[in-house]
Amino acid sequence: MKKGFAIAIDGPGGVGKSTAARLVAQELGMAYIDTGAMYRAVALYQIENGINMYNDEKLERSLKDIALEIVNDGGVQKILLNGRDVTDLIRTQEVSEGASVVAANLRVREKLVAQQKQMAAAGRVVMDGRDIGTHVLPWAQIKIYLDAPPEIRAQRRVLELEEKGQPEDYKHIYAGIVARDKRDRSRKHNPLIQAEDAVYLSTAQNESPKDTARDIVNIYEERGY
Ligand code: DC
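Read on for a plain summary of the structure.

**Overview of the packing of aromatic side chains**
Part 1: By the definition in use, this model includes 5 aromatic pairs.
Part 2: Plain terms: the ring middles of F5 and Y220 are 5.8 Å apart, the flat faces sit at 90° to each other, and that makes the pair edge-to-face. Of the two residues, F5 sits in strand β1 (residues 5–10) while Y220 sits in helix α9 (residues 209–222), which places them 215 residues apart along the sequence. With respect to burial, F5 and Y220 carry one shared label: buried.
Part 3: Where Y220 meets Y225, the ring centres are 6.0 Å apart and the plane angle is 45°; that geometry is what we call tilted.

**Details of the environment of A67**
Part 1: Inspection of the secondary structure assignment puts A67 in the loop between α3 (56–62) and β3 (68–73).
Part 2: When its relative accessible area of 44% is taken as the criterion, A67 is described as partly exposed.
Part 3: Look past the residues within four positions of A67 in its chain and what remains in contact with it is L80, L81 and N82.

**Details of the sheet that holds strand β6 (residues 124–129)**
Part 1: Taken together, 5 strands build an open sheet; the order of strands is β2-β6-β1-β7-β8 and the sheet is parallel. Looking at which strands have only one partner, the edges of the open sheet turn out to be β2 (31–34) and β8 (199–202). The sheet shows a mean angle of 20° between the axes of neighbouring strands, direction not considered.

**Considerations on empty space enclosed by the protein**
Part 1: Under the defined criterion, the tally for this structure stands at 1 cavity of 30 Å³ or more.
Part 2: For the largest cavity, the calculated volume is near 30 Å³.
Part 3: Around the largest cavity sit G13, R130, R153, I177, R180, D181 and D184, which together line it.
Part 4: With 4 residues, the top contributor of residues to the lining of the largest cavity is helix α8 (residues 170–186).
Part 5: Per-class residue counts for the lining of the largest cavity are 1 nonpolar, 1 polar and 5 charged.

Conventions and cut-offs
- Residues numbered from 1 in each chain as written.
- Predicted model: local features only at pLDDT ≥ 70, side-chain atom pairs only at ≥ 80, totals over all residues.
- Heavy atoms only, no water.
- Phe/Tyr/Trp six-rings, centres within 6.5 Å; stacked < 30°, edge-to-face > 60°.
- Helix = DSSP H or I, 4+ residues; strand = E, 2+ residues; numbered from the N terminus.
- Buried < 20%, exposed > 50% of the residue type's maximum accessible area, 1.4 Å probe, protein only.
- Contact = heavy atoms within 4.5 Å.
- Pairing = 2+ DSSP bridges.
- Axes fitted to C-alpha atoms, helices over the stretch in contact; angles between N-to-C directions.
- 1 Å grid on protein atoms, 1.4 Å probe; cavity = no way out; pocket = protein on both sides within 12 Å on 5 of 7 lines; lining within 4 Å.
- Points joined across faces, edges and corners; volume = space filled by probe spheres on them.
- Nonpolar A, V, L, I, M, F, W, Y, C, P; charged D, E, K, R; others polar.

Without other data, these values stay purely geometric and don't point to any function.
Structure representation (structure tokens):
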């Protein structure tokens, strides 16, 4: 497959990947692809259709009925599930949990990874996820691994939800983050790990997504792309 130019950003949930990736894409005039949204849409399909996603056979059988599309709507990524815009529906706690369950299934990964590789071929993309630098785009010219301890990610998430008028208990959010981390890091197929050639950036010291995006743009410029 023809290769384009890619910046791969991986890291655990709630570390600020999406916002930073979107800013980098904007700044450098590249397309932004949030691969987590695809796993979320697969989970939403299971929930909406009453399918037991813990049952691999049932989950795998449903795949032929799922078509995903990522479209750019004035700089904002939208995800379509069988032609329907589900961008907002995939942001619930239930879907977050489900996404990490379906993401452990090899057939699900094969389907989504094939589509992700195709989207990145020959274009200029910033792609974020868990396995982008290690598996989806091992050829990416720039690889970033973003990290922060679960306590900090949970605190930020609680603040975010509070600002949205959806107060949540810290302990509950923290437990969800730890459970998802564990599943994403310990699954058999393409678990979350830092690629050998990735630059490690921490967002633990209160770095805002803006700071992170600036660091990434600096790497791009320093390397003379
Ligand atoms: O980044 P996110 O929270 O939207 O991702 C949702 C889930 O999808 C997450 O638990 C792990 C999974 N995922 C994955 O396995 N591989 C990716 N490239 C992106 C997300």
